[in-house]
Each structure stands twice: as structure tokens, then as C-alpha cells.
Amino acid sequence: MSYLKLAICFRLEPGCLGPTGTDYIEDFCRLINRVDFTYPFVTLDVVPRYDKTLPEWEFLLNGKLISEEQAERVLSVNDFTVDSMEEQVEQFLTLKVEQFMLSLKNKR
């Protein structure tokens, strides 16, 4: 087991929260960042993606930006690939978006 902890910054499009997603994206990101992500060797930071010139995914190690190839090597220590981790993050976020949207609907 590795003691390296990869940080993933994921920029989430406000539109993922529906046509009024810009009204909720900040709250959603704050909420999701308080939820423990399943993998102890990865931290996940979800931020709004207002600037589409910025990449959707960024990988950091010890606070420094690293390339996807470097992230691949870090993840391989735990038998993951960048693609498989991105899939896990996307599944996690899909579930959390659905739960969030349902909670908004129930508040109305």
C-alpha cells in the first residue's frame, strides 16, 4: 500500500444540476467536498467549472500539479488507472447529483 495521496480537482459544469444549476453549483460543491470519497489514497475536490478554458480534471501530489502520466503511476501503486479512477469519480458524482436534485425537489 502506498502512502502517496493523489488529489483530484474536478471542475463540474453548473448545467449538470439542470437549467438553473448556476443557482446551486456553489452549494453542491461545498456539500460534496464534505462527503468522504471511497478511496483512502485519493482526495477529491469538486469546484464549479465557470471557465471552460480550464481543464475538467487536474491531478496534484503534495500540492503540486502533475501530469496525467504521473497520476497514472501514482494510481498504479493501488491497482488503479486514471481512466478507472475517473469512472469512479463520475459514478460518485452522478449519484450525489441525483440525491441533491431530489432533495431540492422535495423542498419545494
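Computed from a prediction, not measured in an experiment: that's the story for all the values here.

## Observations concerning a negative patch on the surface
Here comes step 1: Together, Glu 56, Glu 68, Glu 69, Asp 83, Glu 87 and Glu 90 give the surface a local cluster of negative charge.
Here comes step 2: Mapping Asp 83 onto the fold places it in helix 3 (residues 82-107).
Here comes step 3: Residue classification places Asp 83 among the exposed positions, given a relative accessible area of 56%.

## Some remarks on unusual backbone geometry
Here comes step 1: The backbone of Asn 62 sits at a positive phi, close to 55 degrees, despite the residue not being glycine.
Here comes step 2: Note on placement: Asn 62 falls in the loop between strand 3 (57-61) and strand 4 (64-66).
Here comes step 3: At Asp 79, a position not held by glycine, the phi torsion is positive, near 60 degrees.
Here comes step 4: Among the structural elements, Asp 79 can be located in the loop between helix 2 (68-76) and helix 3.

## Brief notes about the pattern of salt bridges
Here comes step 1: Tallying each qualifying case throughout the model produces 4 salt bridges.
Here comes step 2: Here Arg 11 ties to Glu 58 by a salt bridge, and the two come within 3.2 Å at their closest N and O atoms. With Arg 11 in strand 1 (residues 6-12) and Glu 58 in strand 3, this pair connects stretches of sequence that are 47 residues apart.
Here comes step 3: A salt bridge links Glu 13 to Lys 52, with the shortest nitrogen-to-oxygen separation between them at 3.0 Å. Of this pair, Glu 13 sits in the loop between strand 1 and helix 1 (25-32) while Lys 52 sits in the loop between strand 2 (42-48) and strand 3, and the two are 39 residues apart along the sequence.

## Examining the sheet that holds strand 4
Here comes step 1: Pairing within the open sheet is mixed, and its 4 strands lie in the order 2-1-3-4. Each edge of the sheet is formed by a strand with only one pairing partner; in this case those strands are strand 2 and strand 4. Ignoring which end each strand starts from, the neighbouring axes of this sheet average 35 degrees apart.
Here comes step 2: By the bridge criterion, 3 bridges tie strand 3 to strand 4 in an arrangement that is antiparallel. Paired with Leu 60 across the bridge in strand 4 is Leu 65.
Here comes step 3: Contacting strand 1 and strand 2, helix 1 crosses the sheet at an angle of about 170 degrees to strand 2.
Here comes step 4: Contacting strand 1, strand 2 and strand 3, helix 3 crosses the sheet at an angle of about 115 degrees to strand 3.

Parameters and conventions
Residues numbered from 1 in each chain as written. Predicted model: local features only at pLDDT ≥ 70, side-chain atom pairs only at ≥ 80, totals over all residues. Heavy atoms only, no water. Patch = residues over 30% accessible without salt bridge, like charges linked within 9 Å, V, L, I, M, F, W, Y side chains within 5 Å. Areas by Shrake-Rupley, 256 points an atom, 1.4 Å probe, with all protein chains shown as cover. Salt bridge = Lys/Arg side-chain N within 4 Å of Asp/Glu carboxyl O. Lys, Arg positive; Asp, Glu negative; His and termini not counted. Charge placed at Lys NZ, Arg CZ, Asp CG, Glu CD. Helix = DSSP H or I, 4+ residues; strand = E, 2+ residues; numbered from the N terminus. Buried < 20%, exposed > 50% of the residue type's maximum accessible area, 1.4 Å probe, protein only. Pairing = 2+ DSSP bridges. Axes fitted to C-alpha atoms, helices over the stretch in contact; angles between N-to-C directions. Contact = heavy atoms within 4.5 Å.

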